[in-house]
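# Secondary and tertiary structure notes
What follows is each chain in one-letter form.
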Amino acid sequence: MKRPSAEYWRCLEEAKRHHAGSKTYSGKFLRPRAGQIKEIIDRLRCLSALDYGCGKGRQYEWVDPANGLTLEQFWGLPVHRYDPAYTPFAAEPCGRFDLVICTHVLGSIPRTDLGWVIDR
């Protein structure tokens, strides 16, 4: 497996600083895609999911006023949260997942590192 580049580490440190000093990375960009993700979960019969780059994970605390459900309740499966730039979710996940959610993340990873990140 290819190792992270110096640019990757620089970007990660920048993201950590940004997390610490802002209210961004809240996960709000995932919420409008909830229905599309539900369709994928149902069609592929997913039982597990990983949110790679989940930010602060607030999208999983949000309750949709239209149905009274959190995303995990709506989707019918637990979502493992992972964000290497946010300490509460920085532990790298183990195992395999039926679905990987990655919203507004890949554009933050240096192009030369995308291969090993996706392979991992």
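Preceding this section is the structure that the text describes.
We now turn to the structure provided with this report. (Residues numbered from 1 in each chain as written. Predicted model: local features only at pLDDT ≥ 70, side-chain atom pairs only at ≥ 80, totals over all residues. Heavy atoms only, no water.)

## Structural notes on the pairing of strand 1 (residues 49-52)
Moving residue by residue along a regular strand, the side chains alternate between the two faces of the sheet. Residues Ala 49 and Asp 51 line one face of strand 1 and the alternating positions Leu 50 and Tyr 52 line the opposite face, and both faces are buried. Sheet topology places strand 1 next to strand 2 (residues 79-82); four bridges connect them, and they run parallel. Paired with Tyr 52 across the bridge in strand 2 is Tyr 82. Across three bridges, strand 1 lies against strand 3 (residues 99-101) in parallel orientation. Among the inter-strand pairings, Ala 49 is bridged to a residue of strand 3, identified as Leu 99. (Buried < 20%, exposed > 50% of the residue type's maximum accessible area, 1.4 Å probe, protein only. Helix = DSSP H or I, 4+ residues; strand = E, 2+ residues; numbered from the N terminus. Pairing = 2+ DSSP bridges.)

## Some points on helix 1 (residues 6-20)
If you check helix 1, its first and last C-alpha atoms are 21 Å apart, about what 15 residues at 1.5 Å a residue would give, namely 21 Å. Listed in full, the buried residues belonging to helix 1 are Tyr 8, Cys 11, Leu 12, Ala 15 and His 19. Seen end-on, helix 1 carries its buried residues on one side only, within an arc spanning 100 degrees. Away from the buried face of helix 1 by more than 90 degrees, exposed residues Ala 6, Arg 17 and Ala 20 are located. Where helix 1 is buried, its residues contact strand 1 and helix 4 (114-119). (Expected span 1.5 Å × (residues − 1). Arc of directions from axis to C-beta. Contact = heavy atoms within 4.5 Å.)

## Thoughts on the sheet that holds strand 1
The strands making up a sheet are joined through hydrogen bonds of the backbone, oriented either antiparallel or parallel. If you walk across this open sheet you meet the three strands as 2-1-3, and the pairing is parallel. A single partner strand is all that each edge strand has here, and the edge strands are strand 2 and strand 3. Neighbour to neighbour, the strand axes of the sheet diverge by 25 degrees on average, direction disregarded. (Axes fitted to C-alpha atoms, helices over the stretch in contact; angles between N-to-C directions.)

## With respect to the packing of aromatic side chains
Aromatic ring pairs are described here by two measures, namely the spacing of the ring centres and the angle between the planes. Going through the model one piece at a time under the given rule, you end up with five aromatic pairs. Arranged with centres 5.4 Å apart and planes meeting at 80 degrees, the rings of Tyr 8 and Trp 9 form a pair that is edge-to-face. For Tyr 8, a relative accessible area of 8% translates into the label buried. Residue Trp 9 is classed as partly exposed on the basis of its relative accessible area, which comes to 45%. On the numbers, 5.8 Å between centres and 45 degrees between planes, the contact of Tyr 86 with Phe 89 is tilted. Taken together through their ring pairs, the aromatic side chains of Tyr 8, Trp 9 and Trp 116 make up a single cluster. Note that Lys 38 overlies the ring of Phe 74, its terminal NZ or CZ placed 5.9 Å from the centroid. (Phe/Tyr/Trp six-rings, centres within 6.5 Å; stacked < 30°, edge-to-face > 60°. Lys NZ or Arg CZ within 6 Å of the ring centre and 35° of its normal.)

## A closer look at unusual backbone geometry
The backbone of Arg 45 shows a phi angle near 55 degrees, a positive value even though the residue is not glycine. Summarising the element assignment, Arg 45 is placed in the loop between helix 2 (34-44) and strand 1. One non-glycine residue with positive phi stands out, namely His 104, at about 55 degrees. Locating His 104 in the fold gives a position in the loop between strand 3 and helix 4.

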